[in-house]
Amino acid sequence: MTSPLSPAARSDLLARGYSRRSFGRIATLLAAGATVKALTGSARADILPSGVNFEGVTRLGSNECWTGPFPEAAQAGASSVFQSNRYDPTGHMRDDLIKAASDVEGIPQTHVMTWCGSSDPLARAIVTFCSPTRGLVTADPSYEAGWVAADWLKIPLARVPLSAKNGYKTDVRAMLAADPNAGVYYICSPNNPTGTLTPLRDIAWLVENKPKGSVVLVDEAYIHFSNAPSAVELVAKNKDVVVLRTFSKMFAMAGMRLGLTFARPDLHESMMRYDGKSATAMLPVPAMACGTMSLTMKSAIAARREEMIAARNMTFQHLRKRGIHFIPSDANMFIIDWKKPAAPIKDAFLKQNVLIGRSWPVWPNASRITVGSMDEMKTFCTVLDQIYT
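This one's a predicted model, so the numbers in the text were calculated from it and none came from an experiment.

(A) Inspection of the sheet that holds strand E10 (residues 333-337) at higher detail. With antiparallel pairing, the three strands of this open sheet are ordered in space as E9-E10-E12. Of all the strands in the sheet, just strand E9 (325-327) and strand E12 (366-370) have a single pairing partner and so form its edges. Between one strand axis and the next, the sheet turns by 30° as a mean value, whatever way the strands run. In terms of strand pairing, E10 meets E12 through five bridges, oriented antiparallel. Looking at E12, one finds that Asp337 is bridged to Ala366.

As structure tokens, this is what we get:
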């Protein structure tokens, strides 16, 4: 295919070891086509299995929030629908979103970028800072969109197993040892699927000891479900860090597609050099309105977090009584180790109208369970007792 990449972008890619044959794949990836196609055949098919009527199904499979956006934020989004004939009804909706994020995080507006979700900047960071000679390092298991991008681009990939020895937390020293010359060290914290945190001091250690020219990419999709400090603190110090955020989880906007990144301006500029700024400027009007208000709702965020924790703690207590092994979590999901193949158990849950999450290749006997409402988790426990002996 003919690549739409600019001459400057092509020169940059060639200088970093990509071939001309890569141009079409990179252009496709930046349009989200390759990532979406791959996930449609695997992870997305698990989230949305074909032939399932979701009416009456308890959905604990895709880490969505159990309820809708905060009511006041939803109302702001709904009201904006009537102005959606304009790309930006007020002329400053995107600026308002950036300012709200800047104020909440205590970081300059110059360090905030907007996106339609977080998949684009994740793939874009891999294109920008990795190459055929500078790979990607992640934990295993972890969110695998980066694996898809690396495979698509023929980039070296190192996966560092999570271990019970350190509480299934990402081992940053092992990551550096796995590839001392990587372009991107990707840390999902809290991790998907385990919900375990990587201590900020560990992330800071990796930032200080990684090779020159690389970045630490910190995916904080689930940070609002935890009381842990954010790696945005390192961005504020102008470190080689890019932090990913999405409104799909705590803010319950999965279907509205909105995300943010926090990074130094030069890192953002590098990420944007392949296709200009259209990917960050053209955002859904209702999503911007809903997201901007959501960011400021500190009390509502805290209340929703506590509601999730209560449902999670109840479930953990039930699992302990049953003697079922699970990994304690700081997010709205957790891993159960069934000690036998997980696929038949998932099928048994679905027959009882409960959709649980998938497994990762490294852990075929484990399932990821999303934490839903208290009633949904009680349903989960009831069905668990019926099908698992």
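(B) Broad picture of the layout of surface pockets. Quantified by volume, the second largest pocket comes out at close to 400 Å³. Counting only elements with at least two residues in the lining of the second largest pocket, the list comes to helix H6 (93-105) and helix H15 (298-322). A total of four residues in the lining of the second largest pocket trace back to one element, the largest contributor, which is H15. A breakdown of the residues in the lining of the second largest pocket according to their chemical character gives seven nonpolar, four polar and four charged.

(C) Structural view of the sheet that holds strand E5 (residues 184-188). If you trace the seven strands from one edge of the open sheet to the other, you get E2-E8-E7-E6-E5-E3-E4, paired in mixed fashion. At either margin of the open sheet sits one strand with a lone partner, and together these are strand E2 (112-115) and strand E4 (157-161). Adjacent strand axes in the sheet meet at a mean angle of 20° when their direction is disregarded. Strand direction decides the pairing type here: strand E6 (residues 215-219) and strand E7 (residues 241-246), joined by four bridges, are parallel. For Asp219, the partnering residue across the bridge sits in E7 and is Leu244. Where helix H8 (residues 145-153) meets the sheet, its contacts fall on strand E3 (136-140) and E4, and the angle it forms with E3 comes to roughly 140°. Sheet strands in contact with helix H10 (residues 200-209) are E5, E6 and E7, and its direction is about 155° off that of E6.

(D) Summary view of helix H14 (residues 285-295). Burial analysis of H14 places nine of its 11 residues in the buried class, which makes it a mostly covered element. Every buried residue belonging to H14 is among Val285, Ala287, Met288, Ala289, Cys290, Gly291, Thr292, Ser294 and Leu295, and all of these are buried. Looking at the buried side of H14, the elements it contacts are helix H5 (71-80), H6, strand E8 (259-262) and H15.

(E) Spatial organisation of the UniProt feature "domain: Aminotransferase class I/classII large" (unreviewed entry) in the chain. The sites that UniProt annotates as "domain: Aminotransferase class I/classII large" (unreviewed entry) are residues 57-383. Structurally, residues 57-383 is divided into 41% helix and 16% strand, and its ends, taken at the C-alpha atoms, are 12 Å apart.

(F) Summary view of the pattern of salt bridges. On inspection of all chains with the given rule, the structure shows 14 salt bridges. The salt bridge involving Arg16 is made with Asp12; its shortest N-O contact spans 3.2 Å. Both residues of the pair, Arg16 and Asp12, count as buried. Across the pair Lys210 and Asp240 runs a salt bridge, and its minimum N-O distance is 2.9 Å. Of the two residues, Lys210 is situated in the loop between H10 and E6 and Asp240 in the loop between helix H11 (232-236) and E7; the sequence distance between them amounts to 30 residues. Taking relative accessible area as the criterion, Lys210 reaches 11% and is therefore assigned buried. Its relative accessible area of 24% is what places Asp240 among the partly exposed residues.

Here is what the cut-offs are and how they apply
Residues numbered from 1 in each chain as written. Predicted model: local features only at pLDDT ≥ 70, side-chain atom pairs only at ≥ 80, totals over all residues. Heavy atoms only, no water. Pairing = 2+ DSSP bridges. Helix = DSSP H or I, 4+ residues; strand = E, 2+ residues; numbered from the N terminus. Axes fitted to C-alpha atoms, helices over the stretch in contact; angles between N-to-C directions. 1 Å grid on protein atoms, 1.4 Å probe; cavity = no way out; pocket = protein on both sides within 12 Å on 5 of 7 lines; lining within 4 Å. Points joined across faces, edges and corners; volume = space filled by probe spheres on them. Nonpolar A, V, L, I, M, F, W, Y, C, P; charged D, E, K, R; others polar. Contact = heavy atoms within 4.5 Å. Buried < 20%, exposed > 50% of the residue type's maximum accessible area, 1.4 Å probe, protein only. UniProt positions renumbered as here; feature names shortened; annotations may be inferred. Salt bridge = Lys/Arg side-chain N within 4 Å of Asp/Glu carboxyl O.

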